[in-house]
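Below, each chain spelled out in residue letters.
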Amino acid sequence: MSVKEAALITNEKTESIPSVFKNKNFLLLWGAALLSSFGISFFLFSQSWYVVNVLNLEASLGFIYIAASIPRLLFMIISGTVADRYSKTKIMFLSDFLRGILLAGLVVWFLFGGITLWTFVGFAFFFGILDAFFWAAESAVIPSIVHKENLTRGNSIIQMTNQTSFILAPMIAGVLIAYGSYVTVFVTTAVMLIIASSLVFSMKINEDATQQENKDKAFWETFKEGIVYVKESRVLTLIVLASILLNLFIVGPMSMGLPLFVKNILNGTAVDFSFLEAGLAGGMLVGSILIGILNAKKNRGKLTLTTLVLSGLAFTGLSFTNELWQSIVMLGLFGMCLSFSNISSISAIQSIIDEKVLGRVMGLVSLASMGLIPVSYAITSGVLALGVAIDHIMAVGAVLVSLFAAFVFLTFKELRDLD
């Protein structure tokens, strides 16, 4: 066979794979993700502003975050097992629908008065539980509806949608509050989540075979299977470990430390802090768009590790800046590299994992990447209490992550060569 003939066969094979934009199930999922992410962002911004501006309890805002984080962390442990035993689309449908119903109940509560801080704490608790199950199911359902060749692009579109909501939703919610009311925002959010649930319900996916196989076993047996599956795969173990380190040493200090960094290092204001947040979100959005355009199908292991090293270096660079524009640039680069690393690693995992354990694996990855952030907050708080400056904490954490990623790149060929 000539090179020309081989190229023609390859082109025909590539052309036979439908675009994600012609995939009805993916379009329904994308629409649901758009409405869900904007709706949740509306709610988070509005409840925070209500607590700070109306209840005048800014010092108590942390109770809401704790109330959402603890159940999310606990239920993430089993959310992947549930996703492998039951319909992933039904789990997502119920999660969005129940959140919509909860918000409708909050609207009624508003109309009859009596809203307190503990009202929001209670709602945050239930939102945390539903979040845990939604994230595991969403991560596991994408490979069921998107061809392996388009996994990177599909994940980048969902990630890009989420990042866009973080940037635009607070501004839109602010306008709705200014020219309408809190009730207007919460009604809008409830409607968006219920519509999102209907879009997920409309998805047609055949999941019966793998579900039945998992249902025939005891719940804790299937749970243990997922843990053993990850432990026996050095690639997955290394990815989970990298996610843990990234969130313990970078994401936690960044989320908690940026306001301190602006105040103590940059001597800035709330406006400067908003610019930094916008720089980070913008960088992540640009990264999501770029990797979606590239649609990397090969060398995703190298891409993951290389951009993880670069994200650590960019965050280290941030800790040494003392001018606002320098900080914005470094955070933008960090966000862009982080998007590349996250999307390429998730796409690689989804392409190699057996579908019957995909929910459990993605649940454990979600636990490592998001569930441990509260632990990072606690560690960061403890180190700050010892008198260590926030820029030193950020620099040390970022260097450790970069060194770990470089070590894995040089030492573990199976992860470096992962496609």
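Here, the structure is the one placed above.
Values in this document were obtained by computation on a predicted structure and should not be read as measured data. (Residues numbered from 1 in each chain as written. Predicted model: local features only at pLDDT ≥ 70, side-chain atom pairs only at ≥ 80, totals over all residues. Heavy atoms only, no water.)

Below, the discussion takes up the overall build of the protein chain. A count of helices and strands for the protein chain gives 17 helices and zero strands. Relative to the compact-globule value of 22 Å for 419 residues, the protein chain shows a C-alpha radius of gyration of 22 Å, a close match. The burial tally for the protein chain puts 50% of its 419 residues in the buried class. The long-range share in the protein chain, meaning contacts at least 24 apart out of those at least 6 apart in sequence, stands at 86%. Carbon and sulfur atoms form 69% of the exposed surface of the protein chain, whose accessible area is close to 19,000 Å². (Helix = DSSP H or I, 4+ residues; strand = E, 2+ residues; numbered from the N terminus. Rg over C-alpha atoms; globule rule 2.2 N^0.38 Å. Buried < 20%, exposed > 50% of the residue type's maximum accessible area, 1.4 Å probe, protein only. Contact = heavy atoms within 4.5 Å. Areas by Shrake-Rupley, 256 points an atom, 1.4 Å probe, with all protein chains shown as cover.)

This next bit is on the pattern of salt bridges. One pass over the full model with this rule turns up four salt bridges. A salt bridge links Arg-72 to Asp-131, with the shortest nitrogen-to-oxygen separation between them at 3.0 Å. One end of the pair, Arg-72, is in helix α3 (residues 61–85); the other, Asp-131, is in helix α5 (residues 117–145), and 59 residues separate them in sequence. Neither Arg-72 nor Asp-131 differs from the other in exposure class; each is buried. A salt bridge links Asp-131 to Arg-99; its shortest N-O distance comes to 2.5 Å. Taken together, the positions of Asp-131 in helix α5 and Arg-99 in helix α4 (residues 88–112) put the pair 32 residues apart, joining distant regions of the chain. On the accessibility criterion, Asp-131 (7% relative accessible area) is buried. Among the charged side chains, a salt-bridge network with shared partners connects Arg-72, Asp-96, Arg-99 and Asp-131. (Salt bridge = Lys/Arg side-chain N within 4 Å of Asp/Glu carboxyl O.)

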